[in-house]
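Coordinate analysis (summary)
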Amino acid sequence: MICPKRTSELLDLHLAPFKDKDPAWEVGVSKIAGRGLMATRSLKRGQIIFKDMPLLISLSAHEEDSLNTCSVCLTELPDTRFMCRMGCGLPVCSLCSKKKQHKNDCDLLKSWGPNEPEVANSVIIRLLCVARALNLNKDQRDLIYCLQANLDNNHRVEVRNAAKCFKNFPTDKKIFEIMNRTVAVLRTNGFDKTTDRTNDNQEFNYRALYPLFAVMNHDCIPNTYYTFEAKTNIMIVRAAVDIPEGFEITTTYTKLFTGNIARHLFLKMKKGFTCKCSRCSDPTEKGAYISGLYCRDTNCSGLVVPEITGLPHPNYNCLECKQKSTHAQMMKSQDFASGAINAKANSNSLRTLVQYLNEKSDNFIPSSNYVVIDAKLTVLQRLGQGREDCSEELAANTRLRYSRDVIQVMDQLGLGESLVRTQLQELLRREEELRAKRLAEDAEKQRKLAELQAKAAEADKLLAALEEAARAEEVAAAPAPAPAPAPAATETA
Ligand SMILES: [Zn+2]
Ligand SMILES: [Zn+2]
Ligand SMILES: [Zn+2]
Ligand SMILES: [Zn+2]
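Residues numbered from 1 in each chain as written. Chains lettered and ligands numbered in written order. Predicted model: local features only at pLDDT ≥ 70, side-chain atom pairs only at ≥ 80, totals over all residues. Heavy atoms only, no water.

**Considering the packing of aromatic side chains**
Note on aromatic pairs: each is described by the distance of the centres and the angle between the planes. Tallying each qualifying case throughout the model produces 18 aromatic pairs. With a centroid separation of 6.1 Å and 85 degrees between ring planes, the pair formed by Tyr253 and Phe273 is classed as edge-to-face. With Tyr253 in the loop between β10 (248–251) and α8 (260–271) and Phe273 in the loop between α8 and β11 (293–294), this pair connects stretches of sequence that are 20 residues apart. Accessibility expressed as a relative area gives 7% for Tyr253, which makes it buried. Aromatic side chains Tyr356 and Phe364 sit 6.1 Å apart centroid to centroid with 50 degrees between the ring planes, which places their arrangement in the tilted category. Judged by its relative accessible area of 22%, Phe364 falls in the partly exposed class. Among the aromatic residues, those joined into a cluster by ring pairs are Phe191, Phe204, Tyr206, Tyr210, Phe213, Tyr226 and Phe228. Over the face of the ring belonging to Tyr253 we find Lys271, whose NZ or CZ atom lies 5.7 Å from the ring centre. (Phe/Tyr/Trp six-rings, centres within 6.5 Å; stacked < 30°, edge-to-face > 60°. Helix = DSSP H or I, 4+ residues; strand = E, 2+ residues; numbered from the N terminus. Buried < 20%, exposed > 50% of the residue type's maximum accessible area, 1.4 Å probe, protein only. Lys NZ or Arg CZ within 6 Å of the ring centre and 35° of its normal.)

**Comments concerning the pairing of strand β12 (residues 303–306)**
Residue alternation in β12 divides its side chains into two sets, Leu303 and Val305 and Val304 and Pro306, and both sets are buried. Here β11 runs beside β12; their pairing, made up of two bridges, is antiparallel. For Leu293, the partnering residue across the bridge sits in β12 and is Val304. The pairing of β12 with strand β13 (residues 316–318) spans three bridges and is antiparallel. (Pairing = 2+ DSSP bridges.)

**Focus: the coordination of the zinc ion (ligand 2)**
With distances of 2.1 to 2.4 Å, the protein atoms coordinating the zinc ion (ligand 2) are Cys84 (SG), Cys88 (SG), His102 (NE2) and Cys106 (SG). Here the zinc ion (ligand 2) binds four donor atoms, and the angle range of 103 to 120 degrees at the metal identifies the geometry as tetrahedral. Donor residues binding the zinc ion (ligand 2) come from one chain and are separated in sequence as C-x3-C-x13-H-x3-C. Linking Cys88 in the loop between β4 (56–59) and α2 (100–112) with His102 in helix α2, this pair joins segments that are 14 residues apart in sequence. Owing to a relative accessible area of 0%, Cys88 belongs among the buried residues under this scheme. Take His102: its relative accessible area is 1%, and that puts it in the buried class. (Donors = N, O, S within 2.8 Å, 3.2 Å for Na, K, Ca; no water. Tetrahedral: all angles 85-135°; square planar, octahedral: opposite > 155°, others 65-115°.)

**Topic: the domain arrangement of the chain**
The assigned domain composition of the chain is domain 1 (4–53 + 210–249), domain 2 (56–189) and domain 3 (258–464). Centre-to-centre separation of domain 2 and domain 3, based on C-alpha positions: 42 Å. (Domains from an automatic or database assignment.)

**What about the pairing of strand β1 (residues 25–29)?**
Direction of pairing for β1 relative to strand β2 (residues 35–39): antiparallel, over a ladder of five bridges. Note that in β2 the partner of Val27 across the bridge is Leu37. Between β1 and β2, which follow one another and run antiparallel, lie five residues, and Gly34 among them has a positive phi close to 50 degrees.

**Quick word on the packing of helix α1 (residues 4–15) against helix α4 (residues 138–146)**
In helix packing, the relevant descriptors are the interaxial angle and the interaxial distance, both defined with respect to the helix axes. Following both chains from N to C, one finds α1 and α4 inclined at 130 degrees, their axes separated by 10 Å at the closest point. Compared by their axis directions, α1 and α4 come out oblique. Along this stretch, α1 crosses α4, giving a crossing that reads as left-handed. Within the contact between the two elements, α1 uses Arg6, Thr7, Leu10, Leu11, Leu13 and His14 and α4 uses Asp139, Asp142, Leu143 and Cys146. (Axes fitted to C-alpha atoms, helices over the stretch in contact; angles between N-to-C directions. Parallel < 35°, antiparallel > 145°, perpendicular 65-115°, else oblique. Left-handed = near helix turned anticlockwise from the far one by under 90°. Contact = heavy atoms within 4.5 Å.)

**Observations concerning the side chain of His155**
Following the sequence through the fold, His155 ends up in the loop between α4 and α5 (157–163). Given a relative accessible area of 4%, His155 falls into the buried group. A polar contact of 2.7 Å, which involves the side chain of His155, links it to the backbone oxygen of Asp152. Those residues in contact with His155 that lie beyond four places of it in its chain are Asn150, Asn180, Val183, Ala184 and Arg187. (Polar contact = N/O pair within 3.5 Å; in protein donor to acceptor, adjacent residues only side chain to side chain.)

**Remarks on the nonpolar core**
With 77 residues, the main nonpolar core has Trp25, Leu37, Leu109, Trp112 and Tyr210 as its most contacted residues. The element contributing the most residues to this core is helix α3 (residues 122–131), with seven residues. Counting contributing residues per domain, this core is built from domain 1 (4–53 + 210–249) and domain 2 (56–189), each supplying no fewer than three. Residues contacting Leu109, with those up to four places away along its chain left out, are Cys88, Leu90, Pro114, Ile124, Ala131 and Phe166. (Core = buried A, V, L, I, M, F, W, Y, C linked by side-chain atoms within 4.5 Å.)

**Describing unusual backbone geometry**
Despite not being glycine, Ala61 has its phi angle at roughly 45 degrees, a positive value. Within the secondary structure layout, Ala61 lies in the loop between β4 and α2. Take Ala61: its relative accessible area is 5%, and that puts it in the buried class.

**Here we look at the side chain of Ser349**
Mapped onto the elements, Ser349 comes out in the loop between α9 (327–346) and α10 (350–360). Residue Ser349 is classed as buried on the basis of its relative accessible area, which comes to 15%.

Spelled out as structure tokens, the structure:
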């Protein structure tokens, strides 16, 4: 294990610009693995625990990426003439081309002689993040060596391949060693645009190493969440739940809503360890049943969940009838459901997807399954941009229902604050406000209608009374009927 004390000293140097005299964390011996971060005092949900800045940051430059982004300020450039004119093979804006950072990058890469410096080459641009380790000072370099690195067979491939893009790539073993080590640390602890780590609805498009963050251990129910400041790329880590003094401060390397098996595979393959957290040790995942599927026995209404074995392809058990199914059997159900739902998600009609989730998918996949949760998040995201072919009413009902559904899953899992939760709660609040407003408007309309009706009834009554009076008057004014003629006096009387 790397010495916690030395790691602490180097982290203090790295974080000196923040001048935090009394940090809420310390590096200590972890119960999870090796060394980790511990809370030095009790922390309240939502409270900032620390800020971290990248020791290394540059473009991810994956093969499919467009490469017209400045390698220093990371802003997008017009897609003509964005390469450095000094022949270093890096994209750089005119402002940054005069900065010290680029001068260092430029001198280093020029000395290696890029084969085609005027052509943007993703291999060279991607290597920059690693190559910059060569220009760090000794303490900074030592800090890289203090961080966990999975030194598997693949970590040497990147530098070996990049070497082919230069005429005079160094042959010095030490230089290779530093770069290979940096690659391994980045793969184990760094950020890279496409990794699943940036799962919390915030985009992060770079390749970067945040050293303090890198010391945090993983838990599938993390007690922190993080965000990035837009311009500076400073990372802010906050408590997701209340954390008692002395407790370990954790983060997650996986998506929040993937099931036990998918998380297990990801952590094993990409991060080289087996997670033994409370969620991973519980086949029901805290009763959230994220991996839950229906029992294959059509007479049984039970849910089937994977056994906890530590194997990549475990059997499944029905919680009701106790029937065992093989991994392959259950994967058929899971793949079928994923295929069906994704087909609807990829069709152009959002309304079709929503109706499918509301009316059909429950027949073959439990609504707790991660495929359904992912689909609901997709729907909410698309609704955030416009209601597409959904009616006003369907859009409103869906926003309300799906955000409640996902929040409920988060509560079930014991997931505290996160960016996703904040966004969902905000959506829910706005939707409930709108709904309350609509209800109030409807009530007001009803009240006005009733008022009008009452007035009309009043008027009717008045009219009827007037008519009655008029009739009575008519009767009174009419000349009295002529008295019956008196019998004619008889002349003879
Ligand atoms: Zn720039
Ligand atoms: Zn240059
Ligand atoms: Zn776990
Ligand atoms: Zn069953």
